[in-house]
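Fold and geometry: a report
Listed below, chain by chain, are the residues.
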Amino acid sequence: MPMVIGVTAGLVLAAIIVLIGLFKLMWRVAEPNEALVISGSKHKTEGLGQGMGFRIVTGHGTLVLPGVQAVRKMSLDLNETELSVDCVTHQGIPLRVRGVVIFKVGDDFVSIANAARRFLDQQKMMSERVHNVFAGHLRSIVGGLTVEDMIRDREKLTGQTRAACGTEMEKLGLIVDSLQIHEIEDPTGYIKNLAMPHAAAVQRDARIAQAEANRRATEAEQQAAARMSEATRDSEILQAGYQAERDKAAASSRQAGPLADAAARQEVVVQETRVAELEAQRREQQLQADVRKPADAQAYEKRTLAEGERDARISAAEAKARETELAAVAEANRVKTAALAEAEATKARGAAAATATRATGEAEAAAAQAKGLALAEATRAKGLAEAEAIKARAAALAENQEAVVAQQLAEKWPEIVEAGAGAFSSVDHMVLLNGADGMSDMFAKALTMGGTGLGLARQLLATMSQDSPAEPASNVNGVTPAAPPSPRKHRIPVTGDQEGGTPS
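Residues numbered from 1 in each chain as written. Predicted model: local features only at pLDDT ≥ 70, side-chain atom pairs only at ≥ 80, totals over all residues. Heavy atoms only, no water.

**Regarding the sheet that holds strand E8 (residues 174-185)**
Backbone hydrogen bonds hold the strands of a sheet together, and the pairing may be parallel or antiparallel. The strand order across the open sheet formed by three strands is E6-E7-E8, and the pairing between neighbours is antiparallel. Both outer strands of the open sheet, strand E6 (79-88) and E8, are each paired with one neighbouring strand and no more. When strand polarity is set aside, the average angle formed by the axes of neighbouring strands in this sheet is 25 degrees. Relative to E8, strand E7 (residues 94-105) is paired through ten bridges, and the arrangement is antiparallel. Counterpart to Val-100 in the pairing with E8 is Gln-180. The strands touched by helix H3 (residues 126-142) are E6, E7 and E8; relative to E6, the strand with the most contacts, the crossing angle is about 30 degrees. The sheet contacts of helix H5 (residues 154-171) involve E7 and E8, and relative to E8 the element is tilted by about 145 degrees. (Pairing = 2+ DSSP bridges. Helix = DSSP H or I, 4+ residues; strand = E, 2+ residues; numbered from the N terminus. Axes fitted to C-alpha atoms, helices over the stretch in contact; angles between N-to-C directions. Contact = heavy atoms within 4.5 Å.)

**Let's talk about the packing of H3 against H5**
If you want to describe how two helices pack, look at the angle between their axes and the distance between the axes. Interhelical geometry of H3 versus H5 gives an angle of 135 degrees and a closest axis separation of 9 Å. With respect to each other, H3 and H5 are oriented oblique. Of the two elements, H3 crosses H5, and the hand of that crossing is right-handed. In this structure, H3 uses Val-130, Val-133, Phe-134, His-137, Leu-138, Ile-141 and Val-142 to contact H5, whose residues at the interface are Leu-157, Gln-160, Thr-161, Ala-164, Cys-165, Glu-168 and Met-169. Split by residue class, the contact of H3 with H5 holds ten nonpolar, three polar and one charged. (Parallel < 35°, antiparallel > 145°, perpendicular 65-115°, else oblique. Left-handed = near helix turned anticlockwise from the far one by under 90°. Nonpolar A, V, L, I, M, F, W, Y, C, P; charged D, E, K, R; others polar.)

**Quick notes on the side chain of Lys-104**
Mapped onto the elements of the fold, Lys-104 is located in strand E7. Note on Lys-104: relative accessible area 10%, which makes it buried. At 2.8 Å, the side chain of Lys-104 and the side chain of Asp-107 are in polar contact. Discounting chain neighbours no more than four positions away, the residues touching Lys-104 are Leu-76, Asp-77, Leu-78, Asn-79, Gly-173, Leu-174, Ile-175 and Asp-177. (Buried < 20%, exposed > 50% of the residue type's maximum accessible area, 1.4 Å probe, protein only. Polar contact = N/O pair within 3.5 Å; in protein donor to acceptor, adjacent residues only side chain to side chain.)

**Describing the sheet that holds strand E2 (residues 34-39)**
If you trace the three strands from one edge of the open sheet to the other, you get E3-E2-E5, paired in antiparallel fashion. Each having just a single partner strand, strand E3 (54-57) and strand E5 (70-75) make up the two edges of the open sheet. The average angle at which neighbouring strand axes cross in this sheet is 25 degrees, direction not considered. Pairing of E2 with E5 involves six bridges; the strand directions are antiparallel. For Ile-38, the partnering residue across the bridge sits in E5 and is Val-71. Across the sheet, helix H2 (residues 109-119) touches E2, E3 and E5, and the angle it forms with E3 is around 120 degrees.

**Describing the side chain of Arg-55**
Relative to the helices and strands, Arg-55 is located in strand E3. On the accessibility criterion, Arg-55 (15% relative accessible area) is buried. There is a polar contact of 2.8 Å between the side chain of Arg-55 and the side chain of Thr-62.

**Looking at the pattern of salt bridges**
It is possible for side chains bearing opposite charge to pair when their charged atoms get close. Applying the stated criterion across every chain yields a total of 14 salt bridges. Where Arg-216 meets Glu-212, a salt bridge forms, and the shortest distance between an N and an O atom there is 3.3 Å. Of this pair, Arg-216 and Glu-212 both sit in helix H6 (residues 190-268), separated by four residues, roughly a single helical turn. Under the relative-accessibility criterion, Glu-212 is labelled partly exposed at 30%. (Salt bridge = Lys/Arg side-chain N within 4 Å of Asp/Glu carboxyl O.)

The following block contains the structure:
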């Protein structure tokens, strides 16, 4: 009997173990971040149509018949996809929009069913599909916006993108938890150029504020320096006054001893009263000369130096301010003076050029006039000299005509002989007949021609002197022999032999 009980208990225990093993094999539990999709039998699920063909379990366990039903898991975790989309704005400006989309499968059974039908075996491709959906809608939305709209209202771009993708994401069984536009890249530099005017204005305001702060700091420093100078002046004046009082007290203490000695000696030595008085006066004068006057001089010197330094610092501050003012005025006057000087110089140069031109013209006119006068005087003097010479020749002809004619003929005789011999100048070849007689005859004829010319000249001079005695002497001197006949060759037949030659 006990043995039967033991076997029975063993069988029961084995059956329990088998049942537990079967239960564990058939029981499936859905994790909080996943959904179980059980296919293999028709089930009615709340919110879904009849005869869907699979069952969805989330958040609890369920029994699954091995070999009859298949169980697969659908992740409900968050997913992320990076957006990098090249777009063109309404203005035609190319941009690159960078952002991120955080999405997941919806928690309701409809979303899980839609996602399961599309991504159950392709859950790793989910991010790529979502990127393509958002990229297309983002290009379409950016194409209707301007760059300024995108920069100033990114929330508008985000909202329009989520609204445009909402329907498609719902069909895919996905929900968008977050859509962020991180960066808008501008390869053309349009956004940078938009910022330049604002950056320039900010930089201008910053420089103006810095300059104003520097001006106020400089004014405060100058006021502080002035107050320091005033305090130093007052301190030095007080110190000089205290020093003068100390010097005065020291001088008084030094004078007390000699005065007391003098009084004691006066009381003790009555006979030396006068001497003591004189001695006291001398010492008093010595104290005046050696102590008090140097002390007063030293006090006066220190007081004067302190006042001088104070006045110098005040004057330096005023001079610096005045210098700044005068520098500005001087610069303005310099510019004005330079402009006036340039105008005056231009005017002076023009006047000088006109004066120089007028002086040059007057000098040239005076030179021309002087030259004409000199030429006229020279011509007049020459005419007078020729007239005097003619008058002298006329007088000489009247007194001794033969001598004058003979002198003039003697002066012109070489020319007369040359003119007579000119008849033979063109003869290339001459043949003389009759020898020496022919030669003598030829020279005699030439001399006869010269004598004839001499007689004609003499007669002409005599006639001129009788008709017009005031005729210029150049007419007499200018008488030339008659022109020789045109050159030609002469051939004189010879009947006898030439001296030293043979008949030809």
